[in-house]
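The residues making up each chain are set out below.
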Amino acid sequence: MDTGQGLLEGLDPEQRAAVVAPRGPVCVLAGAGTGKTRTITRRIAYLAHRGHVAPSQVLAVTFTARAAGEMRTRLRALGVHGVQARTFHAAALRQLRYFWPRVVDDEQWQLVEHKLRVVGQAAHRVGAPTNAEALRDLAGEIEWAKASLVTPDDYPAVTAKVHRETPLPAEQVVQVYATYEQLKNRARTLDFDDLLLHTAAALEEHTDVATEFRDRYRCFVVDEYQDVTPLQQRVLDAWLGNRDDLTVVGDANQTIYTFAGASPRWLLDFPRRFPEATVVRLERDYRSTPQVVELANKVIGAAHGRPAGSRLKLVGQRPGGAEPEFAEHDDEPAEAAAVAARIKDLLGAGVPASEIAVLFRVNAQSEVYEQALSDLGIPYQVRGGERFFVRPEVRQAMQALRAAAGTPPEGTLAEQVRTVLAPLGLSTERPPGGAMRERWESLHALVELAEELASTLEDMDLPRFGHELDIRAEAQHPPTVEGVTLASLHAAKGLEWDVVFLVGLVDGTLPIQHADGDDEAVEEERRLLYVGVTRAREHLFLSWALSRSPGGRRHRRRSRFLYHLIPDNHPAALPTRRQRDGALLSKNSLRNQAKRQCRVCGGPLVGTMAVKLGRCDHCPSNVDEELLLRLKEWRSERARQLKVPAYVV
Ligand code: ATP
Ligand code: MG
């Protein structure tokens, strides 16, 4: 009899303890790349193999459609079929579809297609600003409120209590929020947060629904639990009822969605909530080279106010590799061109494009990289597969394919699909960038999928292809696109590549400008860098540019997080050349120069205010304590060498 012992191979003792723990609460608190996702996948497979639970009774939730797809693939490879591995939203959508007629009247409800448009209508009605930026802020704020279980009525009091900076005066946000809800309800549409709200309500208020659901799903698993929102936690609690068969894994140091309402408190509180829980800590990092691991430890080691339970140090397990590389460029196009050239070399050396990622803080940074990669003819994909099947172009494509299913077949399936999708924006030439480019990428992904399916399944024709898309849409299983990945740091969570480029590392972008002055927001930015660094298996490149465009004013500074990461022998390292040259000057000029040197970057101070503050006006005020400490040490060392009092150095 298969006892599932094979499933314990390739696991370390701690991972194994989590895998074989009896059904009940299990919590894995561990750093990036320590095998959390591997452990929960094996745990599900192990429990299924041992007959402790039927795969169809397991509900595993992850945070991205791509991660859910990967988990399903891994489980299938382990011989386990039928586990529901989904995002919270996809799981809720599926359940609502089933229970909906029982919880509301039998009306047809739809997902909101153009959410920003509805927010715009609401803003317009109440006289709030309706420019694109204001609407994005408002939409984000409404999402935060709903994810945090804050109703329009509660909004002013809650935001005042937590000192939240609101995009508009709280009363005005309330008006937009309430009107948005009304408009949506009147149109019989739901947004993504409504899916979760209604799911929780259905289980909380309808005993028959709860009983049927709890009979169907008995074992729950949550990956990336550090980023659960109060709304998702409410859904999870509703799923569980008074049961405790819950395995959670997470890394508080990778909490990167607090701006959207997420909080690591449920992860860190898990052992208190379930005192009988099996708690496992993993420290061995299997993903990255020791060099990358060391850098990751430095990034997170400098974090302030880390809660107990998140103070884990990663220990590299892999053989040594290359040192992470740092590069400073004059301007962004030069940075992008250098990255593209490096990627071309890597491709030439045999690294597959799918093993390379360029990660950035905000999506707007993507364009210059798209251009640089296009210039060198390097294939790339802009986004992960997030919400692929709800993109308007994909919905239109599926409709068009359905309508064309009756037409007589031409040549190959891919050609047929291409013909049908051409009027939707699938030109023969790949558009250079922007929205047209994204649209093209989505449609092209469908053609590639058609090619792939036609090559593996003999009887694949247009109607069957349409059916396959329906199944994939239901399972939120987006097609994968070959090419270098361009993604935001947020979208890269949980994923890994052999080669990772972290680009645009300047103050104002990472940390993002609006985090300035808010210590907690700056810490979240630092965690984003940690997430970025820990995506790399073999090679890590970190770069930044001093101005946006060629010939522009070089007014940017490298990210404040980099100061203590750049090796001392690097040209961009501290102390600056100016400071080193200081050793050649007389004591008097040294004394005067010291007064006119920025205590952060060592550059010249211009203006009385700058001299008074002791730092350039563009240097960050809240520099890392470690940096200041290092500067202090460097100063006293230099003073000893020069035999002058420390204050003159
Ligand atoms: P993240 O915090 O980024 O989500 P994680 O803790 O979920 O990371 P995994 O993705 O599960 O980590 O594993 C990281 C890498 O290490 C994967 O490539 C995985 O296959 C490998 N790995 C995990 N455990 C082991 C092990 N015991 N032996 C060898 N390789 C392992
Ligand atoms: Mg993981």
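The structure presented is a predicted model; accordingly, all values stated were derived computationally and were not measured. (Residues numbered from 1 in each chain as written. Chains lettered and ligands numbered in written order. Predicted model: local features only at pLDDT ≥ 70, side-chain atom pairs only at ≥ 80, totals over all residues.)

A word on the sheet that holds strand 13 (residues 380-381)
Each strand in a sheet pairs with its neighbour through backbone hydrogen bonds, running either in the same direction (parallel) or in the opposite one (antiparallel). Sheet architecture is open: 6 strands sit in the order 11-16-15-12-14-13, paired in parallel fashion. Strands at the two margins of the open sheet, each flanked by one partner only, are strand 11 (325-331) and strand 13. Strand direction decides the pairing type here: strand 15 (residues 497-502) and strand 16 (residues 536-547), joined by 5 bridges, are parallel. Paired with leucine 502 across the strands is leucine 542, a residue of strand 16. Packing against the sheet, helix 15 (residues 366-375) makes contact with strand 12 (356-360), strand 13 and strand 14 (484-488), and its axis sits at approximately 170° to strand 14. (Pairing = 2+ DSSP bridges. Helix = DSSP H or I, 4+ residues; strand = E, 2+ residues; numbered from the N terminus. Contact = placed C-beta atoms within 7 Å. Axes fitted to C-alpha atoms, helices over the stretch in contact; angles between N-to-C directions.)

Considerations on the domain arrangement of the protein
By domain assignment, the protein separates into domain 1 (5-93 + 200-282), domain 2 (113-186), domain 3 (388-474) and domain 4 (577-648). Using C-alpha coordinates to define each centre, domain 1 is positioned 32 Å away from domain 2. Contact with domain 1, which involves 6 residues of that partner, is made by 6 residues of domain 2. Within the side of domain 1 that touches domain 2, the residues separate by chemical class into 3 nonpolar, 2 polar and 1 charged. (Domains from an automatic or database assignment. Nonpolar A, V, L, I, M, F, W, Y, C, P; charged D, E, K, R; others polar.)

Overview of the sheet that holds strand 2 (residues 58-62)
Across the sheet, 6 strands lie side by side as 3-2-6-7-1-8; this open sheet has parallel pairing. Edge strands, defined here as strands with exactly one partner in the open sheet, are strand 3 (84-87) and strand 8 (278-282). Each neighbouring strand pair of the sheet contributes to a mean axis angle of 15°, computed without reference to strand direction. Strand direction decides the pairing type here: strand 2 and strand 3, joined by 4 bridges, are parallel. Paired with valine 61 across the two strands is arginine 86, which belongs to strand 3. Taken strand by strand, helix 12 (residues 265-273) contacts strand 1 (26-30), strand 7 (246-250) and strand 8, and its axis lies near 135° from that of strand 7.

Re the site of ligand 1
In the vicinity of ligand 1, 19 residues are found, and the nearest of them are Gly35, Lys36, Thr37, Arg38 and Tyr286. Of all the elements, helix 2 (residues 36-49) adds the most residues to the shell around ligand 1, at 3 residues. Considered class by class, the residues forming the shell around ligand 1 number 4 nonpolar, 9 polar and 6 charged. (Near = placed C-beta within 6 Å.)

Quick notes on the UniProt feature "binding site: ATP" (unreviewed entry) in the protein
The residues that UniProt annotates with the feature "binding site: ATP" (unreviewed entry) are Ala30, Gly31, Ala32, Gly33, Thr34, Gly35, Lys36 and Thr37. Within the secondary structure layout, glycine 31 lies in the loop between strand 1 and helix 2. A tally of 26 C-beta atoms within 10 Å means that glycine 31 is categorised as buried. Ignoring anything within four residues of it in the chain, the contact list for glycine 31 reads Asp251, Asn253, Glu283, Asp285, Leu312 and Leu314. Setting aside residues up to four positions removed in sequence, lysine 36 forms contacts with Val28, Ala30, Val249 and Leu282. (UniProt positions renumbered as here; feature names shortened; annotations may be inferred. Buried ≥ 20, exposed ≤ 12 C-beta atoms within 10 Å, placed from the backbone.)

Details of helix 1 (residues 13-20)
All of the buried residues in helix 1 are Gln15, Ala18 and Val19. In a view along the axis of helix 1, the buried residues occupy a sector of 100°, so they form one face of it. (Arc of directions from axis to C-beta.)

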